[in-house]
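Here are the chains, one letter per residue:
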Amino acid sequence: MSGDLFSYALAAALATALLVAAFTDLRRREIDNGLNAAIALAAPLWWLAMGFGWSDIGFQVTLAAATFAITCVLFAVRQMGGGDVKLLTALALWFPPVSFAQVIVLTAVIGGGASVAMATFNMKRVPGETLRDALAMSVALAWVGGAGSVLLSLVTHRPFVGRAAEAVAAVLPRGWMIGVIVVLVIAMFTLGVAHIMRRQKSRLPIPYGIAIAAAGLWVLGEQTLLAARLGALPG
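Remember, it's a predicted structure, so these values are computed and weren't measured experimentally.

Criteria and cut-off values
- Residues numbered from 1 in each chain as written.
- Predicted model: local features only at pLDDT ≥ 70, side-chain atom pairs only at ≥ 80, totals over all residues.
- Heavy atoms only, no water.
- Helix = DSSP H or I, 4+ residues; strand = E, 2+ residues; numbered from the N terminus.
- Buried < 20%, exposed > 50% of the residue type's maximum accessible area, 1.4 Å probe, protein only.
- Contact = heavy atoms within 4.5 Å.
- Areas by Shrake-Rupley, 256 points an atom, 1.4 Å probe, with all protein chains shown as cover.
- Core = buried A, V, L, I, M, F, W, Y, C linked by side-chain atoms within 4.5 Å.
- Axes fitted to C-alpha atoms, helices over the stretch in contact; angles between N-to-C directions.
- Parallel < 35°, antiparallel > 145°, perpendicular 65-115°, else oblique.
- Nonpolar A, V, L, I, M, F, W, Y, C, P; charged D, E, K, R; others polar.
- Polar contact = N/O pair within 3.5 Å; in protein donor to acceptor, adjacent residues only side chain to side chain.
- Left-handed = near helix turned anticlockwise from the far one by under 90°.
- Expected span 1.5 Å × (residues − 1).
- Patch = residues over 30% accessible without salt bridge, like charges linked within 9 Å, V, L, I, M, F, W, Y side chains within 5 Å.
- Salt bridge = Lys/Arg side-chain N within 4 Å of Asp/Glu carboxyl O.
- pLDDT = per-residue confidence, 0-100.

What to know about the overall build of the protein chain
Argument step 1. From N to C terminus, the protein chain includes 9 helices and 0 strands.
Argument step 2. Ordering the α and β elements of the protein chain from the N terminus gives α-α-α-α-α-α-α-α-α.
Argument step 3. Within the protein chain, the proportion of its 235 residues that are buried is 33%.
Argument step 4. Long-range contacts, defined here as pairs at least 24 residues apart, represent 78% of the contacts in the protein chain between residues at least 6 apart.
Argument step 5. For the protein chain, the exposed area adds up to about 13400 Å²; of that, 73% sits on carbon and sulfur atoms.

Take a look at the structure:
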């Protein structure tokens, strides 16, 4: 019983740290190094509570190292901030591969949708580009709506995306017309995104810290609820 309480206390501490990370990223667009270090340094306590063996620990460290290497590339091309890199690497020490993959997918969906929405509102309006602006807004709405649908499917475990695709496919004409429609949609999407990027008033920081924290909180909460049903936290 005391071991379960220790595990739940660690999970609560991680959830609190993620909330603080989201708040600081929202407020000042950065995540404190001390907070990221605390999350990483507390991971061995989690391994102990979960009864990890040396092979399990080695796997988590390897996962964290791979995460750090990949996110450093994203940092180098200015797609992620330094605090985001450190936070995601620290979380890789806590979550097993399947759960960490959920964190990555949720982060991409939340961060991508938020980034497109922010970029659309950050566009500079130029006279004579009403149609291009309308196309850009339509693309942004489609992107955010698609991201929301994916997010809803992931968090509810219901195939909303697959059903929507089947419904769209049912009303499309058959044969070569499908290829033509797909090409037109891709072209319109590309033009819309290009217009959004070209008309940016200033470079906006991508809110991946908030997205990472939200994703981590959701997966952690899902694991904790499952553990409560089963009577013990998953290892």
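Once you've had a look at it, read on.
Digging into the nonpolar core
Argument step 1. Counting residues in hydrophobic clusters, the biggest one holds 39 residues, and the most contacted among them are Leu14, Ile39, Leu87, Leu91, Trp94, Phe95 and Phe100.
Argument step 2. Elements supplying a minimum of two residues to this core: α1 (2-28), α2 (33-50), α3 (54-76), α4 (82-92), α5 (97-121) and α9 (208-230).
Argument step 3. Those residues within four positions of phenylalanine 100 in sequence are excluded, and the remaining contacts are Leu63, Thr67, Leu88, Leu91, Ala92 and Phe95.
Argument step 4. Counting 6 residues, the second-largest nonpolar core is a separate cluster that includes Val116, Ala119, Ala140 and Ile196.

With respect to the environment of glycine 112
Argument step 1. Here glycine 112 shows up in helix α5.
Argument step 2. For glycine 112 and tryptophan 143, which are 31 residues apart along the polypeptide, the C-alpha to C-alpha distance reads 8.6 Å.
Argument step 3. For glycine 112, the residues in contact, after removing those within four places along its chain, are Thr107, Trp143 and Tyr208.

Quick notes on the packing of α4 against α5
Argument step 1. At their nearest, the axes of α4 and α5 sit 10 Å apart, and the two run at 155° to each other. With respect to each other, α4 and α5 are oriented roughly antiparallel. Where α4 abuts α5, its residues Leu88, Leu91 and Ala92 lie against Phe100, Val103 and Ile104.
Argument step 2. Partitioning the contact of α4 with α5 into residue classes produces 6 nonpolar, no polar and no charged.

What to know about the environment of glycine 58
Argument step 1. Mapping glycine 58 onto the fold places it in helix α3.
Argument step 2. Distance from glycine 58 to leucine 93, taken between C-alpha atoms, is 9.9 Å for residues 35 residues apart in sequence.

Section: the side chain of aspartate 25
Argument step 1. In this fold, aspartate 25 is placed in helix α1.
Argument step 2. Since its relative accessible area comes to 3%, aspartate 25 is described here as buried.
Argument step 3. A distance of 3.3 Å separates a polar side-chain atom of aspartate 25 from the backbone nitrogen of glycine 209.

A short note on the environment of glycine 82
Argument step 1. Mapping glycine 82 onto the fold places it in helix α4.
Argument step 2. By relative accessible area, glycine 82 is classed as partly exposed at 25%.
Argument step 3. When the C-alpha atoms of glycine 82 and glycine 209 are compared, they prove to be 9.8 Å apart, with 127 residues separating the residues in sequence.

Topic: the packing of α3 against α4
Argument step 1. The interhelical angle for the contact between α3 and α4, taken along N-to-C directions, is 165°, at an axis separation of 8 Å. Viewed along their axes, α3 and α4 adopt a mutual orientation that is roughly antiparallel. Our pair here, α3 against α4, has a crossing hand that is right-handed. Facing α3, whose interface residues are Gln60, Leu63, Ala64, Thr67, Phe68, Thr71, Cys72 and Phe75, α4 presents Gly82, Val85, Leu88, Thr89 and Ala92.
Argument step 2. In terms of residue class, the contact of α3 with α4 is made up of 8 nonpolar, 5 polar and no charged.

Here we look at α3
Argument step 1. With 23 residues, α3 extends 33 Å from end C-alpha to end C-alpha; this agrees with the ideal 33 Å at 1.5 Å per step.
Argument step 2. Residues Ile57, Gln60, Leu63, Ala64, Thr67 and Thr71 constitute the buried set of α3.
Argument step 3. Two residues or fewer past α3, arginine 78 is found with a positive phi of approximately 65°.

Considering a nonpolar patch on the surface
Argument step 1. Where nonpolar side chains cluster on the molecular surface, the patch consists of Ile70, Leu74 and Val77 and spans about 260 Å² of accessible area.
Argument step 2. Within the secondary structure layout, valine 77 lies in the loop between α3 and α4.

Description of the confidence of the model for the protein chain
Argument step 1. When pLDDT is averaged along the protein chain, the result is 79, and 80% of the positions lie at 70 or above.
Argument step 2. Here helix α7 (residues 160-171) stands out as the least confident element of the protein chain, with mean pLDDT 58; α2 is the most confident, with 91.

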